[in-house]
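# Inside the fold
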Amino acid sequence: MTTIRSAAQGILADDNTQQREQFIDLLKQAYWMEIETVMSYIANSINPDGVRAQEIVESLQQDIQEELGHAQQFAQRIKELYGVVPGSADFSAEQTYLQPPEHQTDIVHVIKGVIEAETGAIEHYNRIIQETESIDPVTNDMVIDILRDEEGHRRLFEGYLREYEAEGLA
Ligand SMILES: [Fe+2]
Ligand SMILES: [Fe+2]
């Protein structure tokens, strides 16, 4: 049997094991955020009632697929860094702001909840980008692309909120 040599440089180098484990933890947190967002967006793309809800519902339906894709990308990167994608028993919910509102016509609640979720993702992904900057270009590059999606989602829902504010409904 031949012994394989590990990379001397970069995040897979033996010297960077500790750093790699820290990145895996950050990626796991990102993974759970995406999974919870998928759950929240499914519920909030189906629960709302009323004509005003239609645009929001359709927008969330599209986002579900994107967020699911993000979860898969984070999971893949966890594995590439020699981590193990966690099982569902490790999941704990955090999105209190995206629970179903008391009245299903309360679209403003949903819009604000989505903005909060996207903001949390933007903050966490900026942190990953900063921390991986000099040592893990692959994770860095991947998360920059995902950050762009989240900034787009947030901007879209800010636009919806402005419309409701302009009409005195938010
Ligand atoms: Fe996402
Ligand atoms: Fe998003």
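Rules behind the numbers
- Residues numbered from 1 in each chain as written.
- Chains lettered and ligands numbered in written order.
- Predicted model: local features only at pLDDT ≥ 70, side-chain atom pairs only at ≥ 80, totals over all residues.
- Heavy atoms only, no water.
- Donors = N, O, S within 2.8 Å, 3.2 Å for Na, K, Ca; no water.
- Helix = DSSP H or I, 4+ residues; strand = E, 2+ residues; numbered from the N terminus.
- Buried < 20%, exposed > 50% of the residue type's maximum accessible area, 1.4 Å probe, protein only.
- Phe/Tyr/Trp six-rings, centres within 6.5 Å; stacked < 30°, edge-to-face > 60°.
- Salt bridge = Lys/Arg side-chain N within 4 Å of Asp/Glu carboxyl O.

Any two of four tetrahedral donors ideally make an angle of 109.5 degrees at the metal, while pairs among six octahedral donors ideally make 90 or 180 degrees. Every protein donor of the iron ion (ligand 2) is accounted for by Glu67 (OE), Glu118 (OE), Glu118 (OE), Glu150 (OE) and His153 (ND1), and the metal-donor separations fall at 2.0 to 2.4 Å. For the iron ion (ligand 2), all donor residues lie on one chain, and their spacing in sequence is E-x50-E-x31-E-x2-H. Between the iron ion (ligand 2) and the iron ion (ligand 1), a spacing of 3.9 Å is present, and a bridge between the two is formed by Glu67. Pair noted here: Glu67 is in helix H2 (residues 54–80) and His153 is in helix H4 (residues 137–166), with a separation of 86 residues, a long-range link. The exposure classification of Glu67 matches that of His153, with both residues buried.

Attention now moves to the packing of aromatic side chains. The relative placement of two aromatic rings is captured by the distance of their centres and the angle of their planes. Tallied over the full model, the rule gives 4 aromatic pairs. Measuring from ring centre to ring centre gives 5.2 Å for Tyr31 and Trp32, while their planes differ by 55°; the resulting arrangement is tilted. A relative accessible area of 13% means that Tyr31 is categorised as buried.

The final tally for this structure, using the stated rule, is 5 salt bridges. Between Glu167 and Arg52 there is a salt bridge, with the nearest N and O atoms lying 2.7 Å from each other. Of this pair, Glu167 sits in the segment after H4 while Arg52 sits in the loop between helix H1 (17–46) and H2, and the two are 115 residues apart along the sequence. When its relative accessible area of 44% is taken as the criterion, Glu167 is described as partly exposed. Relative accessible area serves as the criterion here: at 42%, Arg52 is assigned to the partly exposed category. The partner of Arg77 in a salt bridge is Glu80, and the shortest N-O contact between them spans 2.9 Å. With Arg77 and Glu80 both in helix H2 and 3 residues apart, this pair spans about one turn of that helix. For Arg77, a relative accessible area of 8% puts it in the buried group.

This is a description of form; function is not addressed.
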